[in-house]
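# What the coordinates show
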Amino acid sequence: MIGIAGISFGVAAMLSVMTILQGAIRMFERILSSDSEVIVFEKNVSDLFFSNVPTADIEEMRAWPVVSHADPVLFGIVSSPGNPVVTCFGVTSEDSRLRSAEWLQGARSDFEKRTDTVVVGTRAAQFLNGTYGRALEIGKQKFNVGAIIRASNGFEDGGVFMPLKTAQEFFHKEGFASVATIKLSSKETRAEFKQRVEKNFPSLIALENEEFSRGYSQFKILKTTAWAVGGCAFLLGGLSVANTMIMSVFTRIREIAVLRVCGFSKKQVASLIILESLVVALAGVLAGAVVSQTGMSVLKSLPITQGYIDSQMDYLVISQVAMLACFTALLGAMYPAIYGARIEAAQALRFE
């Protein structure tokens, strides 16, 4: 049971961390890929918050025949009393994020009519105490809450939407956006579009959504963190398996001796111990997966985390974690298996 508990702890920890982080990555990907296929941003930036894409360049791209529409998006971090970090989106009224959201109060047609008006998600309205039609302090300025929307994406629902020009003035980025999300007229024109961006705008780079997800440094850091945390948990699980199997061998020395007398070879004895450790690992994987899924479901149901936790587990991750658990169990069983195989029957039968 100790070995199973150790492996299940490692599996539950790794699956939970991977699920939470991958869910966060998927949400951020949906922010960027909302009704778009290509992302244009500044070359050689470590984070999209530092990217600067001239809006004049975006207007030029919008006029290209291969482009269906191009949406400039300015990302920023704002603060309000009691909330030091609030995500801000500088967008236009035609942005797909606003078009796909449910407008509970206010209208999208009024979004850019006033520069002192913002739109807040339902979650942002809760923790910012924002009320429709009233002033809301953001940074060192006050804005009227012109609308409250409900977005399916947790980051967007907990964010503040400013008209693009207002956000540019607020963040001192006049004439720039962080990224441009591009919807092409045909998927076959992706290569042509990327080549044209590289030729016309040397300081910018265009990547398809899949390419961006694979190469974005922040995503790599999150995934590496998940595997590092899970690896530490599995190390503890492997040690518990090794301890369990060593104790099992010591308590069953006479049984092993009987097997040797009955004709079992050293390889067969070692195989039995290794097989037992694999059974322990598989039982731990099943228990850990159940614990992780239950925990994720509970977290997702909590009001404070609704929209931010995605409890959907990736089957590829589950299979990778299962293989890692079995590998850890095998490593933990190596010494007990070697020790058990070296037991001499004559001496073991006299063991007390």
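Parameters at a glance
Residues numbered from 1 in each chain as written. Predicted model: local features only at pLDDT ≥ 70, side-chain atom pairs only at ≥ 80, totals over all residues. Heavy atoms only, no water. 1 Å grid on protein atoms, 1.4 Å probe; cavity = no way out; pocket = protein on both sides within 12 Å on 5 of 7 lines; lining within 4 Å. Points joined across faces, edges and corners; volume = space filled by probe spheres on them. Helix = DSSP H or I, 4+ residues; strand = E, 2+ residues; numbered from the N terminus. Nonpolar A, V, L, I, M, F, W, Y, C, P; charged D, E, K, R; others polar. Buried < 20%, exposed > 50% of the residue type's maximum accessible area, 1.4 Å probe, protein only. Arc of directions from axis to C-beta. Salt bridge = Lys/Arg side-chain N within 4 Å of Asp/Glu carboxyl O. Contact = heavy atoms within 4.5 Å.

### Observations concerning the layout of surface pockets
Its boundaries defined by the atoms lining it, the second largest pocket holds a volume of some 200 Å³. Lining the second largest pocket are T55, I58, E59, R62, P72, T92, E112, T115, P163, L164, K165 and Q168. Of all the secondary-structure elements, those providing two or more residues to the lining of the second largest pocket are α2 (55-62) and α6 (164-170). Of all the elements, α2 adds the most residues to the lining of the second largest pocket, at 4 residues. Taken together, the residues of the lining of the second largest pocket break down into 4 nonpolar, 4 polar and 4 charged.

### Considerations on α2
Because each turn of an α-helix spans 3.6 residues, side chains separated by three or four positions in sequence point in the same direction. Of the positions making up α2, those classed as buried are D57, I58 and M61. Projected onto a plane normal to the axis of α2, the buried residues spread over an arc of 100° and lie on a single side.

### Quick word on the pattern of salt bridges
Scanning all chains against the criterion turns up 9 salt bridges. Between E37 and K183 there is a salt bridge, and its shortest N-O distance comes to 3.5 Å. Of the two residues, E37 is situated in the loop between α1 (2-32) and β1 (38-42) and K183 in strand β11 (residues 179-184); the sequence distance between them amounts to 146 residues. Overall, E37 belongs to the buried group, its relative accessible area being 9%. For K183, a relative accessible area of 26% gives the class partly exposed. For E208, the salt bridge identified is with K194, shortest N-O distance 3.3 Å. Residue E208 is found in strand β12 (residues 204-208), and its partner K194 is found in helix α7 (residues 190-200); the two are separated by 14 residues along the sequence.

### Examining the environment of K173
Counting through the fold element by element, K173 comes out in the loop between α6 and β10 (176-177). Look at K173 and you get buried, because its relative accessible area is 17%. Residues K173 and N52, spaced 121 residues apart in sequence, show a C-alpha to C-alpha distance of 8.2 Å. Once you skip the residues sitting within four places of it in the chain, K173 turns out to touch F49, F50, S51, N52, L74 and Q168.

Honestly, it's all geometry; don't read function into it.
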